[in-house]
Amino acid sequence: MNFNNLEVLSPAGSFESLRAAVDYGADAVYLGGQSFGMRAGPENFTYDSLKAAVELAHSKGVKIYLTCNTLPRNNEIPYFRQLMEEANDCGVDAVIVADLGLLSLVKEYCPDMEVHMSTQTGIVNYVTARELYNMGVKRAVVARELSLEEIAEIRAKTPADLDIEAFVHGAMCVSFSGRCLLSQYLVNRDANRGECAQPCRWSYSLMEETRKGEYYPIHEDTDGTYILNAKDLCMIDHLAEIAEAGVTSLKIEGRAKSSYYVSVVTNAYRMAVDSLKQGSECPEWVREEVFKVSHRPYCTGFFFGHPKDCQYYPSSGYIREYDVAAVVGECKGGYLYCTQRNKFSNGDEVEILAPGKKFDTFKVSELLNGDGEPIESANHAMMKLMIPCEKEYPPNSIIRIKK
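Residues numbered from 1 in each chain as written. Predicted model: local features only at pLDDT ≥ 70, side-chain atom pairs only at ≥ 80, totals over all residues. Heavy atoms only, no water.

K.L.:
Mind laying out the overall build of the protein chain, listing which residues take part and the relevant values?
P.N.:
Secondary structure assignment for the protein chain yields 10 helices and 21 strands. Buried positions account for 52% of the 403 residues belonging to the protein chain. Entry remark: accessible area of the protein chain is about 18,500 Å², with carbon and sulfur atoms responsible for 48%. (Helix = DSSP H or I, 4+ residues; strand = E, 2+ residues; numbered from the N terminus. Buried < 20%, exposed > 50% of the residue type's maximum accessible area, 1.4 Å probe, protein only. Areas by Shrake-Rupley, 256 points an atom, 1.4 Å probe, with all protein chains shown as cover.)

In structure tokens form, the structure reads like this:
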């Protein structure tokens with residue numbers, strides 16, 4: 001099996017996350033503009049920041065895909081042309097759409113723009129994938145509800161130059177490929193236009209009709225009442241099987257996640273893919289990296305058939321065992337010049353993660369403020385720091401501490 005064409009596709013909800021994805025090994029990054037994207041919460045990208053993002057990414061050989069995957073209403077359609085013209089002017093490599101109308105408008109406004117059909121479209125069979133290809137789609141992002149066998153059949157029965165993309169890591173939606181009305185129904189925030197309030201993560205109780213105000217917990221089992229709460233997806237142990245099914249783009253969920261999340265998860269999948277390309281086993285420490293970001297319990301989703309253990313009932317909270325202590329700005333004269341992210345102190349044992357490398361562990365032997373004065377702890381947000389270090393690390397290396 002040739003794994004050389006595998007793409008690591010990372011999310012970016014901000015310029016900081018974009019830089020993290022580029023630094024830590026993404027082949028491509030997907031991000032949203034100020035409209036038509038499925039994540040309204042993150043900072044996202046203006047015209048100027050999108051142009052700067054494309055320039056930075058292209059300087060490193062990384063592609064940029066612009067998400068336009070909402071299901072827009074009539075009043076939004078007139079604004080789509082400007083977004084497409086801006087995307088084209090910025091040099092975006094592809095746009096991701098879910099709506100057939102927007103697909104037709106992309107072809108009208110930017111005939112040479114590559115189009116990827118979003119998972120929101122609900123591509124579950126080869127007939128749909130083939131017809132989208134006939135309409136000018138370059139890539140099908142298959143529905144998350146497909147098994148590896150079903151993906152393999154789509155691959156076998158579609159043109160070879162139709163790319164297949166699939167989510168391999170991150171949060172999962174309880175609804176079909178993210179098409180959910182629960183948020184709009186309960187709090188008037190439309191998930192299909194990027195405003196999901198995630199009510200599937202809430203705890204629910206039952207009230208009997210004639211007993212007003214008497215609430216009863218809903219137990220799927222004895223562990224809890226979060227009956228709609230899905231675990232997170234993690235396929236880092238199964239990348240060879242995914243590639244063999246015909247997937248060429250490995251998509252990491254997380255445009256609303258932190259730059260630390262993007263850095264660590266991108267780095268892990270980058271190194272796992274590189275191990276595949278070299279014909280070697282993925283190192284155990286790489287697989288452990290995905291547990292060092294904020295996450296829910298992991299599962300393998302629908303890839304191996306109907307999921308038997310993908311809901312998590314006790315809680316909707318995250319497992320978070322590490323904090324980012326600081327981010328390296330530069331290394332010179334035997335010192336790491338850093339910016340603080342969370343409190344840590346002189347004498348603490350920390351890990352430092354550099355792109356494409358195994359993390360190093362060291363003890364903070366001395367801690368200085370930005371003026372070079374000794375301090376006992378870094379307890380002010382975003383304060384400048386100096387830490388003596390015998391080894392050099394590149395900018396944007398991450399110093400983290402176990403909680």
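What follows picks up the thread again.
K.L.:
Please provide a residue-by-residue account of the pairing of strand β21 (residues 398-402), values included.
P.N.:
Looking down a regular strand, the side chains alternate between one sheet face and the other. For β21, the buried fraction is high: four of the five residues fall into the buried class. Sheet topology places strand β13 (residues 322-332) next to β21; five bridges connect them, and they run antiparallel. Paired with Val-327 across the strands is Ile-398, a residue of β21. With three bridges connecting them, strand β16 (residues 349-353) and β21 associate as antiparallel partners. By the bridge assignment, Leu-353 is partnered in β21 with Ile-398. (Pairing = 2+ DSSP bridges.)

K.L.:
Explain the sheet that holds strand β17 (residues 360-363) residue by residue, including any values.
P.N.:
Taken in spatial order, the seven strands make up an open sheet running β17-β16-β21-β13-β14-β20-β18, and their pairing is antiparallel. At either margin of the open sheet sits one strand with a lone partner, and together these are β17 and β18 (368-369).

K.L.:
Kindly report on the environment of Val-29, identifying the contributing residues and their values.
P.N.:
Here Val-29 is to be found in strand β2 (residues 28-32). By relative accessible area, which is 0% here, Val-29 ends up buried. In the structure, Val-29 is positioned 18 residues away from Pro-11 in sequence and 5.6 Å away in space, judged by C-alpha atoms. The contact partners of Val-29, leaving out residues within four places of it in the chain, are Leu-9, Ser-10, Pro-11, Ala-12, Leu-18, Ala-21, Val-62, Lys-63, Ile-64 and Tyr-65. (Contact = heavy atoms within 4.5 Å.)

K.L.:
Which residues make up helix α3 (residues 80-90), and what values go with them?
P.N.:
Within the span of α3, buried status applies to Phe-80, Leu-83, Met-84, Ala-87 and Cys-90. Considered in projection along α3, the buried side chains sweep an arc of 130° and stay on one side of the axis. (Arc of directions from axis to C-beta.)

K.L.:
So, the pairing of strand β11 (residues 249-252): which residues are in play, and what are the values?
P.N.:
Burial of β11 is two-sided: the residues Ser-249 and Lys-251 facing one way and the residues Leu-250 and Ile-252 facing the other way are all buried. Examined bridge by bridge, strand β1 (residues 7-12) and β11 share three bridges and lie parallel to one another. The residue of β11 that forms the bridge with Val-8 is Leu-250. Pairing of strand β7 (residues 163-171) with β11, which is carried by four bridges, proceeds in the parallel orientation. Among the inter-strand pairings, His-169 is bridged to a residue of β11, identified as Ile-252.

K.L.:
Give me the side chain of Thr-266: which residues, what numbers.
P.N.:
Looking at the element boundaries, Thr-266 is found in helix α9 (residues 259-277). Of the polar contacts made by the side chain of Thr-266, one reaches the side chain of Ser-10; its length is 2.7 Å. Thr-266 has contacts with Ser-10, Ala-21, Tyr-24, Gly-25, Ala-26, Ile-252 and Tyr-261, leaving out every residue within four places of it along the chain. (Polar contact = N/O pair within 3.5 Å; in protein donor to acceptor, adjacent residues only side chain to side chain.)

K.L.:
Could you give an account of the packing of α3 against helix α4 (residues 100-109), with specific residues and numbers?
P.N.:
Across the interface, α3 lies against α4 with an axial gap of 10 Å and an inter-helix angle of 55°. Of the possible angle classes, the one that applies to α3 and α4 is oblique. The way α3 lies across α4 gives a crossing that is right-handed. Where α3 abuts α4, its residues Phe-80, Arg-81 and Met-84 lie against Leu-102, Leu-105, Val-106 and Tyr-109. (Axes fitted to C-alpha atoms, helices over the stretch in contact; angles between N-to-C directions. Parallel < 35°, antiparallel > 145°, perpendicular 65-115°, else oblique. Left-handed = near helix turned anticlockwise from the far one by under 90°.)

K.L.:
Report on the environment of Arg-139, specifying residues and quantitative values.
P.N.:
For Arg-139, the location among the structural elements is in strand β6 (residues 139-141). In the structure, Arg-139 is positioned 45 residues away from Ala-94 in sequence and 9.6 Å away in space, judged by C-alpha atoms. Sequence-distant contacts of Arg-139, that is, excluding residues within four places in its chain, are made with Glu-7, Leu-9, Tyr-65, Val-115, His-116, Met-117, Leu-162, Asp-163, Glu-165 and Ser-249. Engagement of the side chain of Arg-139 in a polar contact is seen with the side chain of Glu-165, the distance being 2.8 Å.

K.L.:
Can you explain the environment of Glu-131? Please cite residues and give values.
P.N.:
With respect to the helices and strands, the residue Glu-131 is situated in helix α5 (residues 126-134). By relative accessible area, Glu-131 is classed as partly exposed at 44%. For the pair Glu-131 and Thr-158, spaced 27 residues apart in sequence, the C-alpha to C-alpha distance is 9.3 Å.

K.L.:
Could you give an account of the pattern of salt bridges, naming the residues involved and the relevant values?
P.N.:
Enumeration according to the criterion identifies 22 salt bridges in this entry. When the shortest N-O distance is used, the salt bridge between Arg-400 and Glu-351 registers 2.8 Å. With Arg-400 in strand β21 and Glu-351 in strand β16, this pair connects stretches of sequence that are 49 residues apart. One connected set of salt bridges, linked through shared partners, spans Glu-7, Lys-138, Arg-139, Asp-163, Glu-165 and Lys-251. (Salt bridge = Lys/Arg side-chain N within 4 Å of Asp/Glu carboxyl O.)

K.L.:
Which residues make up the nonpolar core, and what values go with them?
P.N.:
If you look at the biggest cluster of nonpolar residues, it comprises 101 residues, and the most contacted ones within it are Leu-18, Phe-80, Met-84 and Tyr-269. Looking at which element gives the most residues to this core, the answer is α9, with 11 residues. Among all residues touching Tyr-269, those that are not within four sequence positions of it are Val-8, Val-168, His-169, Cys-234, Met-235, Ile-236, Leu-239, Ile-252 and Val-290. The next biggest cluster of nonpolar side chains, apart from the first, holds 22 residues, and it includes Val-328, Phe-344, Ala-354 and Met-383. (Core = buried A, V, L, I, M, F, W, Y, C linked by side-chain atoms within 4.5 Å.)

K.L.:
So what's going on with α4? Residues and values would help.
P.N.:
Among all positions of α4, only Leu-102, Leu-103, Leu-105, Val-106 and Tyr-109 are buried. For α4, the angular spread of buried residues about the axis comes to 165°, placing them on one side. Elements in contact with the buried residues of α4: β3 (63-68), α3, β4 (94-97), β5 (114-117) and α5. For α4, the capping residue at the N-terminal end is Asp-99, with a side-chain oxygen 3.0 Å from the backbone nitrogen of Gly-101.

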